[in-house]
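Structural features, examined
Now for the letters of each chain:
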Amino acid sequence: MNRLLRILKHRWLDDGDARRMLADAALQRLQSRVRASEARHSGEIRLCIEAGLPLSYLWRDATPRERALSMFGKLRVWDTEQNNGVLIYLLLAEHAIEIVADRGLNQHMRPEEWCRLSASMAAAFKAGRFEDGLGEAIDAVDTLLQRHFPLAEGARNPNELPDRPFLG
């Protein structure tokens, strides 16, 4: 019975729910924030917001983490020259937040640091401040990437990935 309820919950939401959460103007501001961040370091940040899991994931009872790892690959976040991409993933149906960092950055991080960032985002989302929560997450990842992957004097980030949040 729990599986059926989970499937219904995920199928009830659609892309429109993600778009209502973040209007075009908010998506534009988040895109600009990512672009500005990436001008300060060599890393790449991707935001991915999905209303629900695909049916194939629900049938096999996959976790939000599994989907985030899959999207990390599908959105090519793993494919940066310095292995320093970060995916911030939201799954609306389960109120799940997953942060997936490539090995270049992850080797500098402790799991507790990612948990603190997720908790901060969850608090903002619970208060209905979705854009603020995502913006704060971008800022936190920006700080980490500046610390571990700063740009050399006069260097530019080649912007290997799109800056616009992915809504799926």
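Position numbers for residues start from 1 in each chain and track the written sequence from start to end. The predicted origin of the model limits local features to residues at a pLDDT of at least 70 and limits the giving and counting of side-chain atom pairs to 80 or more, whereas totals for whole chains, interfaces and linings rest on all residues. Processing note: side-chain calculations cover all non-hydrogen atoms of the structure and skip hydrogens and water entirely.

1. A few points about the side chain of Glu 113
So the rule is basically this: Secondary structure elements follow DSSP: runs of H or I of four or more residues count as helices, runs of E of two or more count as strands, with numbering from the N terminus. Relative accessibility decides the category of a residue: with a 1.4 Å probe and only protein chains considered, values under 20% of the type maximum give buried, values over 50% give exposed, and everything between is partly exposed. Asp and Glu count as negative and Lys and Arg as positive, but His and the ends of the chain are not part of the count. Between Lys or Arg on one side and Asp or Glu on the other, a salt bridge is scored when a side-chain nitrogen of the former is within 4 Å of a carboxyl oxygen of the latter. Whenever two N or O atoms come within 3.5 Å, that pair is a polar contact, provided that in protein one can donate a hydrogen and the other can accept it, and provided that, for residues adjacent in sequence, both atoms are side-chain atoms.
Relative to the helices and strands, Glu 113 resides in helix 7 (residues 111–126). Although Glu 113 lies buried, it forms no salt bridge, and the closest oppositely charged side chain, Arg 110, sits 4.3 Å away as judged by the N-O distance. There is a polar contact of 2.8 Å between the side chain of Glu 113 and the backbone nitrogen of Arg 110.

2. Structural notes on the packing of aromatic side chains
Keep this limit in mind: In this analysis, rings of Phe, Tyr and Trp, with Trp reduced to its six-membered ring, are considered paired at centre separations within 6.5 Å, and the interplanar angle assigns stacked below 30 degrees, edge-to-face beyond 60, and tilted for intermediate values. The criterion for a charge sitting over a ring is simple: Lys NZ or Arg CZ within 6 Å of the ring centre, and within 35 degrees of the ring normal.
Inspection of the entire model under this criterion finds 1 aromatic pair. Cation over ring: Arg 60 sits above Tyr 57, and NZ or CZ is 4.6 Å from the ring centre. The side chain of Arg 67 reaches across the aromatic face of Tyr 57, ending 4.9 Å from its centre.

3. Re the confidence of the model for the protein chain
Convention followed: Note on scores: pLDDT gives the predictor's confidence for each residue, bounded by 0 and 100.
For the protein chain, mean pLDDT is 94; residues scoring 70 or higher make up 99% of the total. When mean pLDDT is taken per element in the protein chain, helix 5 (residues 64–74) scores highest with 98 and helix 2 (residues 15–21) scores lowest with 83.

4. Here's the deal with the pairing of strand 3 (residues 96–101)
Applied cut-off: Pairing between strands requires that DSSP locate at least two bridges from one strand to the other.
The buried fraction of strand 3 amounts to 6 of the 6 residues, a majority that puts the element mostly inside the structure. Residue alternation in strand 3 divides its side chains into two sets, Ala 96, Glu 98 and Val 100 and Ile 97, Ile 99 and Ala 101, and both sets are buried. Sheet analysis places strand 2 (residues 85–91) next to strand 3, joined by 6 bridges and oriented antiparallel. When the bridges of strand 3 are listed, Tyr 89 appears paired with Glu 98.

5. Concerning the pattern of salt bridges
Summed over all chains, the structure comprises 16 salt bridges. Arg 6 is paired through a salt bridge with Glu 94; the nearest N and O atoms lie 2.6 Å apart. With a gap of 88 residues between them, Arg 6 in helix 1 (residues 2–12) and Glu 94 in the loop between strand 2 and strand 3 connect regions that are remote in the sequence. The exposure class assigned to Arg 6 is buried, which follows from its relative accessible area of 15%. With a shortest N-O distance of 2.3 Å, Asp 79 and Arg 76 are connected by a salt bridge.

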